[in-house]
Amino acid sequence: MEDKSLKNQVAIVTGGGSGIGKKIALKLIDKGAVVLVNDINEDLIDAFKSETKEKSLYFSCGDITSEEYRKELTSGALEKFGRLDILVNNVGIGSGKEFLEMELKDLEKSVKTNLIAPFFLSQEAAKIMIEKKIKGTIIFISSIHGKIPSGNADYSSTKSAVIMTVKELAYDLGKYGIRVNGIAPGRITEKKVEDPRIPLNMQTGAPEDIADTVAFLSNITLSGYITGETITVDGGLSLQFER
Ligand SMILES: NC(=O)c1ccc[n+]([C@@H]2O[C@H](COP(=O)([O-])OP(=O)(O)OC[C@H]3O[C@@H](n4cnc5c(N)ncnc54)[C@H](O)[C@@H]3O)[C@@H](O)[C@H]2O)c1
């Protein structure tokens, strides 16, 4: 039977022009939601537009590190759709540099993109949900490297901060019925490939695995009592650090 559990709900997905975010957007559409996809890259948005005839899919090109743009994104959703139920903070970057090579601007960029932008975008979204009395949901995409090191200090430090942000916002917004959760993906590849480090079938995860978890966390019937939690979705990759 078709699952349209998110019918009449409006979602924003940041960084939805490619990779995991794109799959999340398509999954939410599949569950019946109207989705506003953000991405900084116009070419990715144009490519996504040309691939789909989906009527519930809308696009907004912009940089989520801009305060002005964040307000435009959320108020635009409110003006066009009259509500906002789901925010998926998916954008995440890393400098790829080792600690001793890193410059202040590298760390500043990661902090702005991975922490400050989703922090304040969530604030904008929460204000709308509270004003409209919507028991919405906010989801942050962190990483297993928010829990274990990666050799990329700016990335791991900010992803770790995201896990605590999830707890803090869940605490503050709980009284409004707004749930805030996170997902910590392991190694995700466009198609599953073999990886002997991964306990579960020795296979990497696919964007679909993360999109399914977003759908679960967005569905109040299935996950309505879960808040402040970051779910690891890594096929057991991080378990080796717990042994
Ligand atoms: N791929 C993995 O293996 C993996 C593992 C753990 C966590 N994650 C996390 O999952 C999320 C998605 O990862 P991905 O691999 O699909 O990333 P990606 O790089 O493929 O996609 C990110 C998208 O965000 C967009 N973007 C970047 N900066 C932006 C900005 N300032 N404003 C708006 N859009 C911006 C990019 O154009 C891109 O389309 C990230 O938060 C990442 O850290 C990914």
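Residues numbered from 1 in each chain as written. Predicted model: local features only at pLDDT ≥ 70, side-chain atom pairs only at ≥ 80, totals over all residues.

**Some thoughts on the overall build of the chain**
- A tally of regular secondary structure across the chain gives 7 helices and 7 strands.
- Counting helices and strands in the order they occur from the N terminus, the chain gives β-α-β-α-β-α-β-α-β-α-β-α-α-β.
- On C-alpha atoms alone, the chain measures out to a radius of gyration of 17 Å, which is about the 18 Å that the 2.2 N^0.38 rule sets for 243 residues.
- Projecting the C-alpha coordinates of the chain onto the three principal axes gives extents of approximately 45 × 45 × 40 Å.
- Buried residues in the chain amount to 44% of all 243 residues. (Helix = DSSP H or I, 4+ residues; strand = E, 2+ residues; numbered from the N terminus. Rg over C-alpha atoms; globule rule 2.2 N^0.38 Å. Buried ≥ 20, exposed ≤ 12 C-beta atoms within 10 Å, placed from the backbone.)

**Examining the environment of Thr204**
- Examined against the element boundaries, Thr204 turns out to sit in the loop between strand S6 (179-185) and helix H6 (207-218).
- Spatially, the C-alpha atom of Thr204 lies 24 Å from that of Leu44, the residues being 160 residues apart in sequence.
- Ignoring sequence-local partners within four residues, the contact set of Thr204 consists of Arg187, Ile188, Thr189, Lys192, Val193, Asp195 and Ile198. (Contact = placed C-beta atoms within 7 Å.)

**Details of the site of the ligand**
- Neighbouring residues of the ligand: 25 residues in total, closest Gly15, Gly19, Ile20, Gly92 and Ile188.
- Elements that contribute at least two residues to the shell around the ligand include exactly helix H1 (19-30) and strand S2 (34-39).
- With 3 residues, H1 is the single largest residue contributor to the shell around the ligand.
- Taken together, the residues of the shell around the ligand break down into 9 nonpolar, 13 polar and 3 charged. (Near = placed C-beta within 6 Å. Nonpolar A, V, L, I, M, F, W, Y, C, P; charged D, E, K, R; others polar.)

**A closer look at the packing of helix H3 (residues 67-81) against helix H4 (residues 104-131)**
- With their axes 10 Å apart at the nearest point, H3 and H4 run at an angle of 30 degrees to one another. Between H3 and H4, the crossing angle belongs to the class labelled roughly parallel. Of the two elements, H3 crosses H4, and the hand of that crossing is right-handed. The segment H3 lies against H4, with Glu67, Arg70, Lys71, Thr74 and Leu78 engaging Ala117, Phe120, Leu121, Glu124, Ala125 and Ile128.
- Of the residues that constitute the contact of H3 with H4, the class distribution is 6 nonpolar, 1 polar and 4 charged. (Axes fitted to C-alpha atoms, helices over the stretch in contact; angles between N-to-C directions. Parallel < 35°, antiparallel > 145°, perpendicular 65-115°, else oblique. Left-handed = near helix turned anticlockwise from the far one by under 90°.)

**Brief notes about the nonpolar core**
- Ranked by size, the top nonpolar core spans 54 residues in total, and within it Leu28 and Val35 carry the most contacts.
- For this core, the element with the highest residue contribution is H1, accounting for 6 residues.
- Leaving out residues up to four positions away in the same chain, Val35 has contacts with Ala11, Val13, Ala25, Leu28, Ile29, Ser56, Leu57 and Tyr58. (Core = buried A, V, L, I, M, F, W, Y, C linked by C-beta atoms within 7 Å.)

**Notes on helix H5 (residues 153-173)**
- Here H5 is 21 residues long and its end C-alpha atoms lie 30 Å apart, about the 30 Å a rise of 1.5 Å per residue gives.
- Residues of H5 that are buried in the fold lie against H4, strand S5 (137-141), S6 and strand S7 (230-233). (Expected span 1.5 Å × (residues − 1).)

**What to know about the pairing of strand S3 (residues 57-61)**
- As defined by bridge partners, S2 adjoins S3 across 5 bridges and the pair is classed as parallel. Across the sheet, the residue bridging to Val37 is Phe59, located in S3.
- Handedness of the S2-helix H2 (residues 42-51)-S3 crossover: right-handed. (Pairing = 2+ DSSP bridges. Right-handed = clockwise from strand over helix to strand, strands pointing away.)

**Remarks on the sheet that holds strand S1 (residues 10-13)**
- Pairing within the open sheet is parallel, and its 7 strands lie in the order S3-S2-S1-S4-S5-S6-S7. The open sheet is flanked by S3 and S7, the only strands paired with a single partner. Sheet twist, expressed as the mean angle between neighbouring strand axes with direction ignored, is 20 degrees.
- Bridging between S1 and S2 involves 4 bridges; their strand directions are parallel. For Ile12, the partnering residue across the bridge sits in S2 and is Leu36.
- Sheet strands in contact with H2 are S2 and S3, and its direction is about 165 degrees off that of S3.

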